[in-house]
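# Structural features, examined
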Amino acid sequence: METVNMKIKGMSCTNCALSINKYLEKEGLQNIKVNFIGGDVSFDKDASIPKEKIKRGIERLGYEVVPEEHHHMHEEHDHMHMHEDKSKKLLGNNFRRFIFCLVFAAPLFLHMLGVHISFLMNEYVQLGLTLPVFIVGMLYFGKSGIRSLLGGVPNMDVLVSIGSIASFAYSLYGTITGQPGQFMFYETTATIITLVFMGNWLEDKSVQTTQSALKKLAITQKTMANKIVRDESGQEQTIHIENTQLKVGDTVLIKTGEPVPMDALITWGEASVNEALLTGESVPVEKNLHDKLIGGSSVESGTLKAKITAVGKDTVLSNILRMVRDAQTEKPPVQQLADKISAVFVPVVLSIAVITFLANYFLGNHAASASLLRSIAVLVIACPCAMGLATPAAIAVGLGRAARNGVLFKNARSLEVFNNIRQVIFDKTGTLTTGKFTITRYKFFIDEEQGKRIAYSLEKFSNHPIAKSISALWKTPNEIKWSNIDEVKGLGMKAAGLNGSTYIAGSYNTAKHLTNDASHNVYIIRNNELIGWIDVADEIRQEAKDVIAMLHSKNIKTILLSGDGKDKTEAVGAQLGIDEVIAEQTPEQKSECVAKLNAIAPTAMVGDGINDAPALAKASVGISLSDASHIAVQSAQVVLMNNGLKNLPLSLGLGKHTYITIKQNLFWAFLYNVVAIPVAAFGFLTPTFGALVMGLSDVVLAINSVRLNWKKVV
């Protein structure tokens, strides 16, 4: 199966997304994800389904598939109108349509406001003012409504179109038959269309702000770079090019105040680099020779030469953007009910509008004109968009704020699950501690240099932080060659020498049959004989105690789960005030332990994402502490970049408050429609006021969602 990602223009509400989703399902595609806010669509297809066929099908529904090479343009500026004709440019967005319609509708507003100008009461003058507005409205709402009907999921524009057509046709009938006094609703038609365009424009602006954090990241993808080349005499020269033209292996010059154009490795110089846009860390990081640079960060002081290590989709920033977009297209369980209602909303409202007309005319003994106005009011005040916008707007803001602060959610489900977390499990090494060990004591029962040589030769093959610290300090060119060497997870390194001897560098479990002293970190064994031990010290993270205290203040239980010795693990637990300590666990036992704890109460597990992968997978939410350059390979659902344990409270708080915002939005969307439709049906508001309120209902949801950007969540 091939995964296809597309950028679609023209989606304006959840019904648009449902239409595209329905079409893709009909074509036999799998794992379909559609995000109408960002315009992102992804699906899995087999080789027998041509990509061009899918593209043509989406375009037949009336949407535009943005060419791949223009994706970054769409993200930054939405400047995809370059091939449109002038008339389309004139009315190319909702603001321009609103202004155009307002010019013609404004004189009609005067009559509605009680200002009577005699010539404006002439039906032909009103027809002349209304006709341009009606034509523009039908070219937009009518076209969109027909498109949605073809897609099998009618949208809000169907309701607006029917209401506008009904009032215009009723007025036109009165004009043609010479009965303008009884059939004069031209101003209703013009104001409905004008105010709905205004509402759509306000909604567009509001929704765009929900994407602001992601847009800031996207814009940094396109910058200029100083590429270093050599001239004919071999002298270095710099040429100013767009970073998209860089290739892996190119060398660039980066000076004070300039952005890092792509992921790179420093080959010369040192500098202070600000990575706040990517990691949320406002303090500049000192970078030296052979350090990694993240594309999108900026050099605050210093000058560097760096070799490009990744470009395009392979960069850290691209991975971040991809993860956030993927998470935005995920639908948490709370949205499923809203989607089901949205899919049948328009037919239900049309039925209510018909019943409203018939009930008012036949049972309420109201005139046909009054009954029609109430029916039209029902059509224009109903807002299926509100239910569709409730979840994605909140998720877009929550994920955007998280990404801006170095927290990456891989799926939207995690946001909802965080709301119920009652206990947090921590790994010790590299999670609550820095993972940077120093050797404090050691003893060998053989020649010391030989003992160090054996320890280095074994530990150099391990990725464990303790092993790395030993191999870094005791590095020697005279290492031992092995015929075979393996790392036994949870125990240590085991090797066979060329002379047939066996060697082990491992935990106390590998040496407990040889000694009763369990106080050391690493035991060195040769041919089943203990030949030495090594003690190391790991510093506890400065922020760890504050994080644990915050969790306790939220009545969240804390658990320390480690493979290290009982004494050392309990000492760390006591120092941090952790509720429960479980030590000396193998990776398999860790996984089983997390599963048991998760069965008792919803549980989050925080680990390094590699050695703890099985345990992370068993938790309700797996949270990985990661170096930013390795975010793409983590197994957890949430990644705290740059080992940012301090951002754990933010991730939990954002998850909880995003879910709260979703529930608030859905409550408002349901309440609005439940109250507004009967109010309109009983004649307590006019279609004009209904059109205004309908447009503002979406704005309320967007504003409530945008509050997440500055709302206190911790």
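Structure shown above.
Note that the structure is predicted; figures quoted are calculated from it, not measured. (Residues numbered from 1 in each chain as written. Predicted model: local features only at pLDDT ≥ 70, side-chain atom pairs only at ≥ 80, totals over all residues. Heavy atoms only, no water.)

Within the open sheet, the 4 strands sit side by side as 2-3-1-4. Their pairing is antiparallel. Pairing within the sheet leaves two strands with one partner each, and these edge strands are strand 2 (30–35) and strand 4 (64–66). With strand direction ignored, the average angle separating the axes of adjacent strands in the sheet is 30°. With 4 bridges joining them, strand 2 and strand 3 (residues 40–45) adopt antiparallel strand pairing. (Pairing = 2+ DSSP bridges. Helix = DSSP H or I, 4+ residues; strand = E, 2+ residues; numbered from the N terminus. Axes fitted to C-alpha atoms, helices over the stretch in contact; angles between N-to-C directions.)

The next thing to look at is the packing of helix 13 (residues 368–381) against helix 24 (residues 687–706). Look at helix 13 against helix 24: their axes get within 8 Å of each other, and the N-to-C directions meet at 5°. Between helix 13 and helix 24, the angle is such that the two are roughly parallel. Where helix 13 abuts helix 24, its residues Leu373, Ile376, Ala377, Val380 and Ile381 lie against Pro687, Gly690, Ala691 and Met694. Class assignment for the residues of the contact of helix 13 with helix 24 results in 8 nonpolar, 1 polar and no charged. (Parallel < 35°, antiparallel > 145°, perpendicular 65-115°, else oblique. Contact = heavy atoms within 4.5 Å. Nonpolar A, V, L, I, M, F, W, Y, C, P; charged D, E, K, R; others polar.)

Quick look at the nonpolar core now. By size, the foremost hydrophobic cluster in this structure holds 134 residues, and its most contacted members are Met11, Leu24, Phe426 and Leu648. If you look at the next biggest cluster of nonpolar residues, it comprises 21 residues, including Ile470, Trp482, Tyr503 and Val536. (Core = buried A, V, L, I, M, F, W, Y, C linked by side-chain atoms within 4.5 Å. Buried < 20%, exposed > 50% of the residue type's maximum accessible area, 1.4 Å probe, protein only.)

Together, Val354, Leu358, Tyr361, Phe362 and Leu363 give the surface a local cluster of nonpolar side chains, amounting to about 540 Å² of exposed area. Counting through the fold element by element, valine 354 comes out in helix 12 (residues 333–363). (Patch = residues over 30% accessible without salt bridge, like charges linked within 9 Å, V, L, I, M, F, W, Y side chains within 5 Å. Areas by Shrake-Rupley, 256 points an atom, 1.4 Å probe, with all protein chains shown as cover. Salt bridge = Lys/Arg side-chain N within 4 Å of Asp/Glu carboxyl O.)

Inspection of the secondary structure assignment puts glutamate 479 in the loop between helix 18 (465–473) and strand 15 (482–488). A relative accessible area of 18% places glutamate 479 in the buried class. Side chain to side chain, glutamate 479 and lysine 460 meet in a polar contact 3.1 Å long. Not counting the four nearest positions on each side in its chain, glutamate 479 is found in contact with Arg453, Tyr456, Ser457 and Lys460. (Polar contact = N/O pair within 3.5 Å; in protein donor to acceptor, adjacent residues only side chain to side chain.)

Note that every value here comes from positions in space, so none of it alone points to a role or purpose.
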